[in-house]
Amino acid sequence: MGEPSTQIPFLFVGNQVCLDFINTQVVLNGRPVDLLATFSDLVTWLVQVHLLTEEEAKKIERQWGKQVEEAQTLEQARAFRVTLREMVKRIAAGRPVPQAAIEAINGMLRYRIGYPQLTRRRGKFDRGYQAESQEANQLLGLLAEAAMDLLGTCDFSLIKKCQNPLCVLFFYDTTKNHARHWCSMTICGNRSKVAAHYRRHRSQST
Ligand SMILES: [Zn+2]
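Each residue is numbered by its place in its chain's sequence as written, counting from 1. In keeping with the model being predicted, local features are shown solely for residues with a pLDDT of at least 70 and side-chain atom pairs are shown and tallied solely at 80 or more, while totals for entire chains, interfaces and linings include all residues.

A.B. asks: Explanation requested: the overall build of the chain in the structure shown.
C.D. replies: Looking only at helices and strands, one finds 7 helices and 6 strands in the chain. Helices and strands appear in the chain in the N-to-C order α-β-β-α-α-α-α-β-β-α-β-β-α. Burial statistics for the chain: of 206 residues in total, 28% are counted as buried. Sequence separation of 24 or more characterises 62% of the internal contacts of the chain that already satisfy a separation of 6 or more. The way it works is that DSSP assigns letters per residue, a run of H or I at least four long becomes a helix, a run of E at least two long becomes a strand, and they are numbered from the N terminus. Exposure classes come from backbone-placed C-beta atoms, where a residue is buried if 20 or more other C-beta atoms lie within 10 Å of its own, exposed if 12 or fewer do, and partly exposed in between. Residue pairs are scored as contacts if the distance between their C-beta atoms, which are placed from the backbone, is within 7 Å.

Here it is, written out as structure tokens:
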């Protein structure tokens, strides 16, 4: 797995896989940028969030190579991301989860064909999964499972949008005081502090 094709590294500021998936759409210099430009980007991202192993990813790239199916899967993943972004926007605004979003997630979960497996990791047992499907759309099932985890395990009041109005990133606030405002201090926090400092400075000098 190489670098993402856009050459912009993926951001992992969401503290939750589904939010990080939504965050594969960013705004750079005021321009929207899609970090999932190709099917290969999607596979690379799934490896980076540990939803696919390196071996599984290599197998997918080697065995599939069905360009039409891959293009369709990428398109479906992007459309699913639009639905999830709308859903999370509503959650962050304290509004209910739309039924259409639940239906979209359940629809994608149908691609999750396989069975659970017990795996041993560093002397402990872990819940694993053996995918039975050889279709590209099994990747959509992984994304849907992350969305299911978001709805099933997260405290909705801690799902937040970055307070920079120009930023489109979401995160799960796991800080002790639940007082996180920014996707990251380096991306938006500092910029906001600099702007506030500049405003103060300017108002003092006038
Ligand atoms: Zn931000």
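A.B. asks: Honestly, the pairing of strand β2 (residues 31–34) in this entry has me stumped. Any pointers?
C.D. replies: When DSSP finds at least two bridges between two strands, those strands are taken to pair. Taken together, the 4 bridges between strand β1 (residues 25–28) and β2 define a ladder with antiparallel strand orientation. Looking at the pairing, leucine 28 lines up with arginine 31 of β2.

A.B. asks: Mind showing me how you'd approach the pairing of strand β3 (residues 114–121) here?
C.D. replies: On a regular strand, one side chain projects to one face of the sheet and the next to the other, so that they alternate. Counted residue by residue, β3 has 0 buried out of 8 residues, so it is predominantly exposed. Bridging between β3 and strand β4 (residues 124–131) involves 8 bridges; their strand directions are antiparallel. In the strand pairing of β4, threonine 119 is matched with aspartate 126.

A.B. asks: Could you clarify how one ought to interpret helix α5 (residues 99–109) in this entry?
C.D. replies: Those residues of α5 not exposed but buried are Ala101, Ala104, Ile105 and Met108. Around the axis of α5, the buried residues are gathered within 95° of arc, so they sit on the same side. Residues Gln99, Glu103 and Asn106 are exposed on α5 and point more than 90 degrees away from its buried face. Where the residues of α5 are buried, they touch α4 (67–92) and α6 (138–153). Here the arc refers to the set of directions running from the helix axis out to each C-beta atom.

A.B. asks: So what exactly am I meant to see when it comes to unusual backbone geometry here?
C.D. replies: A negative phi angle is the norm for most residues apart from glycine, just as the trans form is the norm for most peptide bonds. Despite not being glycine, histidine 50 shows a phi value in the positive range, around 65°. With respect to the helices and strands, the residue histidine 50 is situated in the loop between α2 (39–48) and α3 (54–63). Under the C-beta neighbour-count criterion, histidine 50 is labelled exposed, with 8 such atoms within 10 Å. Backbone geometry places histidine 178, a non-glycine residue, at a positive phi of 50°. Turning to its location among the elements, histidine 178 is positioned in the loop between β6 (170–172) and α7 (185–205).

A.B. asks: What's the story with the nonpolar core in this structure? I'm lost.
C.D. replies: Side chains of a nonpolar character, in soluble globular proteins, are inclined to be buried together. Any nonpolar core is a set of buried residues, restricted to Ala, Val, Leu, Ile, Met, Phe, Trp, Tyr and Cys, that join up through C-beta atoms within 7 Å. Membership of the largest hydrophobic core comes to 43 residues, with the highest contact counts inside it found for Cys18, Leu42, Leu84, Val88, Met108, Leu140 and Leu143. Every element with two or more residues in this core is listed here: α1 (17–22), α2, α4, α5, α6 and β6. Leave out the neighbours within four places in its chain, and leucine 84 touches Cys18, Phe21, Ile22 and Ala147.

A.B. asks: Help me out: how do you make sense of α6 in this one?
C.D. replies: Here the expected length of a helix is defined as 1.5 Å per residue gap, with one fewer gap than residues. Given a rise of 1.5 Å per residue, 16 residues ought to cover 22 Å, and the 23 Å separating the end C-alpha atoms of α6 matches this to within 8%. Within α6, burial applies to Leu139, Leu140, Gly141, Leu142, Leu143, Ala144, Ala147 and Leu150.

A.B. asks: Hey, could you run me through the environment of glutamine 163 in this one?
C.D. replies: Inspection of the secondary structure puts glutamine 163 in the loop between β5 (159–161) and β6. Residues glutamine 163 and tryptophan 182, spaced 19 residues apart in sequence, show a C-alpha to C-alpha distance of 5.9 Å. Filtering out sequence-adjacent residues up to four positions away, glutamine 163 remains in contact with His181 and Trp182.

A.B. asks: What's the story with the environment of lysine 161 in this structure? I'm lost.
C.D. replies: Within the secondary structure, lysine 161 sits in strand β5. Classification of lysine 161 as partly exposed rests on a count of 18 C-beta atoms within 10 Å. Taking the C-alpha atoms as reference, lysine 161 lies 9.7 Å from glycine 14; in sequence the two are 147 residues apart. Residues in contact with lysine 161, not counting those within four places in the same chain, are Ala92 and Phe170.

A.B. asks: Explain the packing of α5 against α6 to me, please; I cannot follow it from the model alone.
C.D. replies: Helix-helix packing is characterised by the crossing angle of the two axes and by the distance between the axes. Orientation of α5 relative to α6, taken along the N-to-C sense of each, is 135°, at an axis distance of 8 Å. The pairing of α5 with α6 is recorded here as oblique in orientation. As for the relative orientation of α5 and α6, their crossing is left-handed in sense. Of the residues in α6, those touching α5 at Ile105, Met108 and Leu109 are Leu140, Gly141, Leu143, Ala144, Glu145, Ala147 and Met148. Class assignment of the residues belonging to the contact of α5 with α6 gives a composition of 8 nonpolar, 1 polar and 1 charged. Angles run from 0 to 180 degrees between N-to-C directions of axes, and those axes are lines fitted to C-alpha atoms, restricted for helices to the stretch in contact. These descriptions rest on fixed angle ranges, namely under 35 degrees for roughly parallel, over 145 for roughly antiparallel, 65 to 115 for roughly perpendicular, and the rest for oblique. Note on convention: near helix rotated counterclockwise from far helix by under a right angle means a left-handed crossing. Clockwise means right-handed. The residue classification treats Ala, Val, Leu, Ile, Met, Phe, Trp, Tyr, Cys and Pro as nonpolar and Asp, Glu, Lys and Arg as charged. All others, Gly included, are polar.

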